[in-house]
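Structure at a glance
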Amino acid sequence: MIKLYFGNVPSILSTLLFFAFILFFIKTIKKDESSKKWKKAAILTILMGTAMSALSGIKDSFGDSMAVSFEQMNLSLAVLSAMGGMALLIGLVAVFCKKEKVNKVLFFSLCFIIIAKTFIVEILRIADYLAK
């Protein structure tokens, strides 16, 4: 199972980027409230989430089979696509929003979406791996 996360370069990069995202999330939360810049945090989060999605697709292309099939519409593809679309819209709002309270909500919304998408994809990968 370790091969799923460290079996090739895209897998290693994808795993490291997810750990970097978790560290960024924890660091942002632990910062002193007066020094937090929620807009910057939200924009960095959408950039990291986009990179994680791209690396996830590349990681799948190097594997034996895809965790999410793009050949036909299925529930997991629809859910992940909808969540990705919501994340991009939230990221766009964060770019133009000037209210820190709103950007704080946007940051946590983006983090929730990224964690949920990662959880779904990894469950699909593990299920596929165990089915073999």
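A quick note: this is a predicted structure, and the numbers were derived from the prediction, not measured.

Another point: the overall build of the protein chain. Assigned secondary structure in the protein chain consists of five helices and zero strands. Seen along its three principal axes, the alpha-carbon backbone of the protein chain occupies a region of about 50 × 30 × 20 Å. Counting the 132 residues in the protein chain, one finds 36% classified as buried. Here the analysis covers contacts within the protein chain between residues at least 6 apart in sequence; of these, 75% occur between residues at least 24 apart.

This brings us to the environment of M48. Mapped onto the elements, M48 comes out in helix α3 (residues 38–62). We classify M48 as buried; its relative accessible area is 16%. Taking the C-alpha atoms as reference, M48 lies 14 Å from A116; in sequence the two are 68 residues apart. Not counting residues up to four positions away in its chain, the partners in contact with M48 are L17, A20, F21 and F24.

Turning our attention to α3. With 25 residues, α3 extends 36 Å from end C-alpha to end C-alpha; this agrees with the ideal 36 Å at 1.5 Å per step. Inspection of α3 places W38, A41, A42, T45, I46, M48, G49, M52, L55, S56, K59 and D60 among the buried residues, and these make up the whole buried set. For α3, the secondary structure elements touched by its buried residues are α1 (3–6), α2 (9–30), α4 (75–96) and α5 (100–131).

Right, let's get into the nonpolar core. Residues F21, F107 and L110 are the most contacted members of the largest nonpolar core, which totals 22 residues. Contributing elements (two or more residues each) for this core: α2, α3, α4 and α5. Once you skip the residues sitting within four places of it in the chain, F107 turns out to touch F24, F25, T28, W38, A41, A42 and T45.

Turning to the packing of α2 against α5, a few remarks are in order. It is at 12 Å that the axes of α2 and α5 come closest, and there the two elements cross at 150 degrees. With respect to α5, the axis of α2 lies roughly antiparallel. Classified by chirality, the crossing of α5 by α2 is left-handed. Seen from α2, the contacting residues are F18, F21, F24, F25, T28 and I29; seen from α5, they are F107, F108, C111, I114, I115 and T118. Classifying every residue of the contact of α2 with α5 by side-chain character gives 10 nonpolar, two polar and no charged.

Moving on, we come to the side chain of S11. Mapped onto the secondary structure, S11 falls in helix α2. By relative accessible area, S11 is classed as buried at 3%. S11 has contacts with K3, L4, Y5, F6 and K59, leaving out every residue within four places of it along the chain.

We now examine the confidence of the model for the protein chain. With 92% of its residues at a pLDDT of 70 or more, the protein chain shows a mean pLDDT of 87. At the level of individual helices and strands, the protein chain shows its lowest average pLDDT in α1, which scores 82, and its highest in α2, which scores 92.

So, on to the packing of aromatic side chains. Applying the stated criterion to the full structure yields eight aromatic pairs. A network of ring pairs unites the aromatic residues F24, F25, W38, F107 and F108 as a single cluster.

Glancing now at the side chain of K117. Within the fold, K117 resides in helix α5. Setting aside anything within four residues of it in sequence, one finds K117 in contact with S53, L80, M83 and G84.

The rules behind the values
- Residues numbered from 1 in each chain as written.
- Predicted model: local features only at pLDDT ≥ 70, side-chain atom pairs only at ≥ 80, totals over all residues.
- Heavy atoms only, no water.
- Helix = DSSP H or I, 4+ residues; strand = E, 2+ residues; numbered from the N terminus.
- Buried < 20%, exposed > 50% of the residue type's maximum accessible area, 1.4 Å probe, protein only.
- Contact = heavy atoms within 4.5 Å.
- Expected span 1.5 Å × (residues − 1).
- Core = buried A, V, L, I, M, F, W, Y, C linked by side-chain atoms within 4.5 Å.
- Axes fitted to C-alpha atoms, helices over the stretch in contact; angles between N-to-C directions.
- Parallel < 35°, antiparallel > 145°, perpendicular 65-115°, else oblique.
- Left-handed = near helix turned anticlockwise from the far one by under 90°.
- Nonpolar A, V, L, I, M, F, W, Y, C, P; charged D, E, K, R; others polar.
- pLDDT = per-residue confidence, 0-100.
- Phe/Tyr/Trp six-rings, centres within 6.5 Å; stacked < 30°, edge-to-face > 60°.

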